[in-house]
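Below, each chain spelled out in residue letters.
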Amino acid sequence: GMIATGDFSTTLVMHEAGAHVITAIQPSQVLTASTNITGTPGSYSRLQILAPGEVADAGNVAGGGKLAGNPPTVQGVSVPFPVSIRAVDQFFNTVTTFNGGDTRLSLNTVNGIFIPANNAMNGPTPRAFVNGVTTRNVLIGEQGPWIIDVRDQSDLTKSGQTVEVTVNPGPTYEFTVSSPVDR
């Protein structure tokens, strides 16, 4: 509304951490004022998994924290590819102060492996977050659309996330085998 007395107050709700500029304009008096504010992520409440081709979009809760129009790229059979796993707040902002946890990946096929492998439950080598992020490699040994699921096995109250990745056969190779002729 109009600023009648020279004072104006409002409440802003930000869903995306980072630097923002707020500008107030009163056109009838040609008055403009701006200020910079910085939002910080909330506490770690869920996990996000990003396959190659996907782009994080903090604040996009309905889209799972992912930018629309950027689906996972097709992967090749038996070719390792990285997945980025992030510890995020309820609005999918990366919680860069979080170091810990133990990411556990799973697939809806037995023909896949994770590099590094999952840690045994409460095992000695947790797959931890560093500054809210960790990267794991996935290798799937058969063609198809496959679901990759991530959980934090050190705290199962945190919501996990899944991503569907299409895996196509790798390139075919032609070669000739020859042997010396007996003379």
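For the structure itself, consult the block above.
Residues numbered from 1 in each chain as written. Predicted model: local features only at pLDDT ≥ 70, side-chain atom pairs only at ≥ 80, totals over all residues. Heavy atoms only, no water.

Caption draft 1: Highlighting the packing of aromatic side chains. With the rule as written, the count across this model stands at three aromatic pairs. Ring geometry for Tyr44 versus Phe129: centroids 6.0 Å apart, planes at 65 degrees, classification edge-to-face. You can see Tyr44 sitting in the loop between β2 (31-39) and β3 (46-50) and its partner Phe129 sitting in the loop between β7 (112-115) and β8 (133-140), a full 85 residues away along the chain. On the basis of relative accessible area, Tyr44 is assigned to the buried category, the value being 9%. By relative accessible area, which is 1% here, Phe129 ends up buried. Through a chain of ring-to-ring contacts, the aromatic side chains of Tyr44, Phe98 and Phe129 assemble into a single cluster. Above the face of the Tyr44 ring, Lys158 is positioned so that its terminal group lies 4.9 Å from the ring centre. (Phe/Tyr/Trp six-rings, centres within 6.5 Å; stacked < 30°, edge-to-face > 60°. Helix = DSSP H or I, 4+ residues; strand = E, 2+ residues; numbered from the N terminus. Buried < 20%, exposed > 50% of the residue type's maximum accessible area, 1.4 Å probe, protein only. Lys NZ or Arg CZ within 6 Å of the ring centre and 35° of its normal.)

Caption draft 2: Main features of a nonpolar patch on the surface. Together, Tyr173, Phe175 and Val177 give the surface a local cluster of nonpolar side chains, amounting to about 460 Å² of exposed area. Topologically, Val177 is positioned in the segment after β10 (161-168). Relative accessible area serves as the criterion here: at 69%, Val177 is assigned to the exposed category. (Patch = residues over 30% accessible without salt bridge, like charges linked within 9 Å, V, L, I, M, F, W, Y side chains within 5 Å. Areas by Shrake-Rupley, 256 points an atom, 1.4 Å probe, with all protein chains shown as cover. Salt bridge = Lys/Arg side-chain N within 4 Å of Asp/Glu carboxyl O.)

Caption draft 3: View of the environment of Thr109. Along the polypeptide, Thr109 turns up in the loop between β6 (103-107) and β7. Sequence separation between Thr109 and Ile140 is 31 residues; the distance between their C-alpha atoms is 8.3 Å. There is a polar contact of 3.1 Å between the side chain of Thr109 and the backbone nitrogen of Asn111. Reaching out from Thr109, the side chain makes a polar contact with the side chain of Glu142 at a distance of 2.5 Å. (Polar contact = N/O pair within 3.5 Å; in protein donor to acceptor, adjacent residues only side chain to side chain.)

Caption draft 4: Region of the structure containing the nonpolar core. Grouped together as the largest cluster of nonpolar side chains are 21 residues, with contacts concentrated most on Ile49, Leu105, Val138 and Ile148. When residues of this core are traced back to their parent elements, those giving at least two are β3, β5 (81-88), β6, β8, β9 (144-152) and β10. It is β5 that contributes the most residues to this core, four residues altogether. Once you skip the residues sitting within four places of it in the chain, Ile49 turns out to touch Glu54, Lys66, Val83, Ser84, Ile85, Leu105, Ile148, Val150, Gln161, Thr162 and Val163. (Core = buried A, V, L, I, M, F, W, Y, C linked by side-chain atoms within 4.5 Å. Contact = heavy atoms within 4.5 Å.)

Caption draft 5: Main features of the sheet that holds strand β4 (residues 75-76). Across the sheet, which stays open at both edges, the four strands sit in the order β4-β10-β9-β6 with mixed pairing between neighbours. The outermost strands of the open sheet, each flanked by one partner alone, are β4 and β6. (Pairing = 2+ DSSP bridges.)

Caption draft 6: Expanded view of the side chain of Thr109. Judged by its relative accessible area of 12%, Thr109 falls in the buried class. Those residues in contact with Thr109, other than ones at most four positions away along the chain, are Ile140, Glu142 and Trp146.

Caption draft 7: Here's a closer look at the pattern of salt bridges. Taken as a whole, this structure holds three salt bridges when the rule is applied. Here Lys66 and Glu54 are joined by a salt bridge, their closest N and O atoms 3.1 Å apart. Highlighted residues: Lys66 in the loop between β3 and β4 and Glu54 in the loop between β3 and β4, separated in sequence by 12 residues. Judged on exposure class, the residue Lys66 and its partner Glu54 are both buried. The shortest N-O distance in the salt bridge between Asp149 and Arg151 comes to 3.3 Å. On the basis of relative accessible area, Asp149 is assigned to the buried category, the value being 12%. On the basis of relative accessibility, which here comes to 37%, the residue Arg151 falls in the partly exposed class.

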